[in-house]
Amino acid sequence: MKQIKKSAKLNNVLYDVRGPIVDAAKQMEDEGQKIIKLNIGNMAPFGFDAPEEIQQDMIRNLPNSAGYSDSKGIFAARKAVMHYSQQLGIAGVTLDDIYLGNGASELIVMATNALLNDGDELLVPMPDYPLWTAAVSLSGGTPVHYRCAEENGWLPDLDDIRARITPRTRGIVVINPNNPTGVLYSNELLRGIIQIAREHELVLLVDEVYDKVLYDGVTFTSMASLSTDVLTLTFNSLSKAYRSCGYRAGWMIISGPKADASDFIEGLNMLANLKLGSNVPGQWAIQTALGGYQSINDLVKPGGRLCRQRDLAYELITQIPGVTCVKPQAALYMFPRLDPEMYPIADDRQFFMEVLRATRVMLVQGSGFNFPDNQHFRIVFLPHEDDLREAISRLAGFLAQYRLRHGREGTKEKGEA
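Here the structure is a predicted model, which means the values were calculated and not measured.

So, how was this worked out
- Residues numbered from 1 in each chain as written.
- Predicted model: local features only at pLDDT ≥ 70, side-chain atom pairs only at ≥ 80, totals over all residues.
- Heavy atoms only, no water.
- Buried < 20%, exposed > 50% of the residue type's maximum accessible area, 1.4 Å probe, protein only.
- Helix = DSSP H or I, 4+ residues; strand = E, 2+ residues; numbered from the N terminus.
- Phe/Tyr/Trp six-rings, centres within 6.5 Å; stacked < 30°, edge-to-face > 60°.
- Lys NZ or Arg CZ within 6 Å of the ring centre and 35° of its normal.
- Pairing = 2+ DSSP bridges.
- Contact = heavy atoms within 4.5 Å.
- Axes fitted to C-alpha atoms, helices over the stretch in contact; angles between N-to-C directions.

Digging into helix α9 (residues 280–291)
Next, step 1: Here α9 lies mainly inside the structure; 9 of its 12 residues are buried.
Next, step 2: Within α9 the residues assigned to the buried category are Val-280, Pro-281, Gly-282, Gln-283, Ala-285, Ile-286, Thr-288, Ala-289 and Leu-290.

In C-alpha cells form, the structure reads like this:
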C-alpha cells in the first residue's frame, strides 16, 4: 500500500501547547515520574472548580439536552450573551448576531473558514495564541504576524500593523487580554487598531476570553464597544473566568455594519448549520454563569489565589540571573525572556525538551507561540504555591548548570537584558 500522508494544509499548523514536549512528558508519566505542568491553562487539574451553581444548572437541564439545539445555540444562553454584550457597551447586538460553539476555538475556526479565500491574509499578533495562526492556515489563508514589542510592554506596534497590510489582507486579530503575555490593552491602543481597520475596510476578530481575569485594579474594555462602523467578531467562553474548560461553551458576537457583511454572515450561518449545534449541556451553563455571582473576582483580587500565584511566579522567575519578564496584568500566563548572552540557545524546542527531562517541569517554548527568537517561554501560574516554588526552583537550578556548561556564569548582572 502506498504511503498515506497528511493534508498539505497541515504543513504550517503548529500547536506546541500540546506538542512533542507534552508527548515526552506523558511517556515520562507512564514510567512513573511526576511532572509539574506549567504548559497549559487547564483550570480543573489545579483545583479551580467550576462554580457549583453552574454545575447544578447543567445537571437539572440534562433531561432537556438529549436533542440537537438550534444551530446557533439555545435561546436562554444566547439571550444571556446578548445581555452581556449590552453590559460591555457593544451596540446593536441581537439574538441573531450570537453564535454558540464548542468553546471559542471552534468558533474561531468557523469564522476564518467563512472569511478567507485561498491566499487571503489575516494579521495575527506575534506572539499569539497558536490556534489563531493554525486556524488561518487551515482555512487556506496566510497568517501575517505583526509585532508586539516587549520593550513597550508587549503592546502591538501600530506602525508595524500598517506596514503589513496588502491587497490580500482581510482582517486583524486582536487578543486582549493577551495570551501568552498577560498584557491588557488600553482604550487608546484599541482605538488605534480600529482606525487602521476602518481605513482599510478590514474585519476585526477579537479574542476576549480573559476579560474577567484581571489584576491590580485594571479595567477591561471590550473592543467592539469602541466603534459601530467596523465589523467586529468578539469571541469569549466559560473556560477561564468560570473554570469550565471541559464544558466547551463559547460564543461569538457580530457587531458593526452587518448589512455590509450579509454574504459573510450567510456563510457563517451555513457553517453553523453544518456543525448542527454545539454541546447542549455546556450551553445551559452560560446563562447561570453570566448572570450569577462572579467568583472570579475573589480569585484575582489582592490576596486571592490567582493573584498570589501570579505575584509569586513573577518574583521567583525574575530572581533567576538573566531572566526578565513583563509582569502580567491579566490572564493566567507570563512570557519571560532568557538573556541570549547568558543562555545561547539554538533551538528552543530542543532546549525545553532538555528542561523537561532534567527537571520534570513542562514549559512551552516561545516558538510555540509563533515567536521564534529562541529567547522566550510561557509559564502558567495555575499550580499551588508549593508546586510553583518547586518548579521554578528546579528551572533555576537547570539554568545555573546551563550557564556553567556554556561558560556564561557572571557575564552579565542578574536580570540585565
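Describing the packing of aromatic side chains
Next, step 1: Under the definition given, this model contains 13 aromatic pairs.
Next, step 2: Taken together, a centroid distance of 5.6 Å and an interplanar angle of 80° make the contact between Trp-132 and Phe-235 edge-to-face. One end of the pair, Trp-132, is in helix α5 (residues 130–138); the other, Phe-235, is in strand β8 (residues 232–237), with 103 residues separating them in the sequence.
Next, step 3: Using a relative accessible area of 0% as the deciding quantity, one classes Trp-132 as buried.
Next, step 4: Taking 5.7 Å as the distance between ring centres and 75° as the angle between the ring planes, the aromatic pair formed by Phe-351 and Phe-398 counts as edge-to-face. With Phe-351 in helix α12 (residues 348–359) and Phe-398 in helix α13 (residues 385–405), this pair connects stretches of sequence that are 47 residues apart.
Next, step 5: Joined through ring pairs, the aromatic side chains of Tyr-343, Phe-351, Phe-352, Phe-377, Phe-398 and Tyr-402 make up one cluster.
Next, step 6: The ring of Phe-48 carries the charged tip of Arg-305 above its face, separated from the ring centre by 3.9 Å.
Next, step 7: Residue placement shows Arg-378 over the ring face of Tyr-333; its charged tip is 4.0 Å from the ring centre.

Observations regarding the sheet that holds strand β2 (residues 98–101)
Next, step 1: Taken together, the 8 strands give an open sheet; going across it, the order is β2-β9-β8-β7-β6-β3-β4-β5, and neighbouring strands pair in mixed fashion. In this open sheet, the two strands that pair with only one neighbour each are β2 and β5 (155–156).
Next, step 2: Bridge analysis of β2 against strand β9 (residues 250–255) gives 4 bridges, and the strand direction is antiparallel. Directly across from Ile-98, in β9, lies its bridge partner Ile-253.
Next, step 3: Sitting on the sheet, α5 touches β3 (121–126), β4 (142–149), β6 (169–175), β7 (203–207) and β8, and the angle it makes with β4 is about 155°.
Next, step 4: Packing of helix α8 (residues 262–274) onto the sheet brings it into contact with β2, β8 and β9, and relative to β2 it is tilted by some 30°.

Focus: the environment of Leu-202
Next, step 1: Position of Leu-202 among the secondary structure elements: in the loop between α7 (187–200) and β7.
Next, step 2: Put simply, Leu-202 and Val-364 are 162 residues apart on the chain and 32 Å apart in space, counted from C-alpha to C-alpha.

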